[in-house]
Structures are given as structure tokens and as C-alpha cells.
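A structural walkthrough
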Amino acid sequence: MLNTNNAALRMSAGRPDQFLRTPIPQVALSGRSNVGKSSLINTLLGRKSLARVSSTPGKTITVNYYEIDGKMMLVDLPGYGFAARNRADRDRWSSLVESYLMNEKSSDLIKLVVQLVDSRIPPTSDDLMMFGWLAEYGIPYVVAMTKCDKCKKSELLAMSDALATHPSIAPGTPIIQFSSLTGAGRGELWSVINETLGIK
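Described in the following lines is the structure provided in the data block. (Residues numbered from 1 in each chain as written. Predicted model: local features only at pLDDT ≥ 70, side-chain atom pairs only at ≥ 80, totals over all residues. Heavy atoms only, no water.)

Below, the discussion takes up the overall build of the protein chain. Secondary structure assignment for the protein chain yields five helices and seven strands. If you list the helices and strands of the protein chain from N to C, you get β-β-α-β-β-α-β-α-β-α-β-α. Relative to its length of 200 residues, the protein chain is compact, with a C-alpha radius of gyration of 16 Å against a globular reference of 16 Å. Projecting the C-alpha coordinates of the protein chain onto the three principal axes gives extents of approximately 45 × 45 × 35 Å. Here the protein chain holds 200 residues, and 48% of them are scored as buried. A total of about 9,600 Å² of accessible surface is found on the protein chain, and carbon and sulfur atoms cover 51% of it. Averaged over its 23 positive side-chain charges, the protein chain has a centre that lies 6 Å from the centre of its 18 negative ones. (Helix = DSSP H or I, 4+ residues; strand = E, 2+ residues; numbered from the N terminus. Rg over C-alpha atoms; globule rule 2.2 N^0.38 Å. Buried < 20%, exposed > 50% of the residue type's maximum accessible area, 1.4 Å probe, protein only. Areas by Shrake-Rupley, 256 points an atom, 1.4 Å probe, with all protein chains shown as cover. Lys, Arg positive; Asp, Glu negative; His and termini not counted. Charge placed at Lys NZ, Arg CZ, Asp CG, Glu CD.)

Written as C-alpha cells, this is what we have:
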């Protein structure tokens, strides 16, 4: 069992040479700048502000490592698709995230990526790029549909079906409806994480 109360920000890496090499399994979270990654982390861990929800999405480009009970790392990848970023920042994001996926995969630390998509919006070109990278590097992933409390049940069902059959998403990929407001999907996402890491 994981003690999710025993969770803390271990470090933030702004360059590939700063990536954490501690031999603890990693579960990374990827998504657009305003898709709700910080809120998802706080909801997963039952905390209010462990991961800070920025008032300026996309401002910081760092890989943030949250250590959970000494048994796993939740790794918050910098958000993508923020329109106000200049070209240099976008290039830096691309280099940092792709380096993380390549370098950490080679050391067999990444066990799962939670790919967040907004339940109200079809996958963007940036989302599809991430799905392509995950397929290219052979990294298992699950899709979390965030902000599902803002949608009607019929809309959520239609989006779930569309994602489950999307040509860029591997067949059989778990599609989880998640809400940081209501806690919906929290248990289901933990079940996938625990099963992947072999935690009972």
C-alpha cells in the first residue's frame, strides 16, 4: 500500500542533466498547459496545494518530481500548447520533454504516462504529437479526461468513444473520466497506477 500522505516535491529540473536518477519507478503526467495537471496531482494525493496551480499557465518550463512514500515518483512534465510562448520557449519545452522520454526510458524508470486531455475538446495537434512520441518510445500510457464535471453524460460518453477509437491512441488504452472538483476517476486512475507498478 502507498501512504499518499507521505508525499513531497523532491526537485524541479530545468535541464536534462538535472533529471533525477533515483531508482524509483516513475509515473509521468503530460498535457496542455491549462488541462489541469496540478489539480489532478493534488486530487490524487488528497492534498490542496502540493502542486501549485499557476495563475499563468505555461509560465514555468520544468520537470517536477513528487516522491510518494519512497516507492514512486509522480513526474509533472511542463505543459504544452500555451499560445503566448515565444519560439525559444517552445523549442526548450520540446527539447526538455523529448529528452526526458528518451533518457529516462533508457534507464527503465518510466513505467506509465498519464496523458491528460480536456474532456470538452477533441485532441489537439500537440496532444497527437505526444501520443506519437509515446508510441515511438514504447511507453505505456493511460488517458485521463479532465474537467469531466463540466460536461453532460452524453458528451462524456461521446468523447470517451471517440478517444477509444482514435487512430493515434493505442487500442485498449484505458480512458478515465476525471474531475478534480468531484474526485471522479481518482480510484480508477490509482488502480491503473498500482497495477502497473505492482503495488497492492
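Once that is clear, we can look at unusual backbone geometry. A positive phi angle, near 55 degrees, is found at D69, a position not held by glycine. Along the polypeptide, D69 turns up in the loop between β3 (63-68) and β4 (72-76). Residue D69 is classed as buried on the basis of its relative accessible area of 19%. The backbone of K147 shows a phi angle near 60 degrees, a positive value even though the residue is not glycine.

Within strand β6 (residues 141-146), six of the six residues are buried, which leaves it mostly tucked inside the rest of the structure. In β6, alternate side chains face the same way, and those of Y141, V143 and M145 on one face and V142, A144 and T146 on the other are all buried. Sheet topology places strand β5 (residues 110-118) next to β6; six bridges connect them, and they run parallel. In the sheet register, V114 faces β6, and the bridge partner there is V142. The parallel pair β5 and β6 is bridged by helix α3 (residues 125-137), and the resulting crossover is right-handed. Pairing analysis gives three bridges linking β6 to strand β7 (residues 175-177), with the strands arranged parallel. The partner of M145 across the bridge, within β7, is Q177. (Pairing = 2+ DSSP bridges. Right-handed = clockwise from strand over helix to strand, strands pointing away.)

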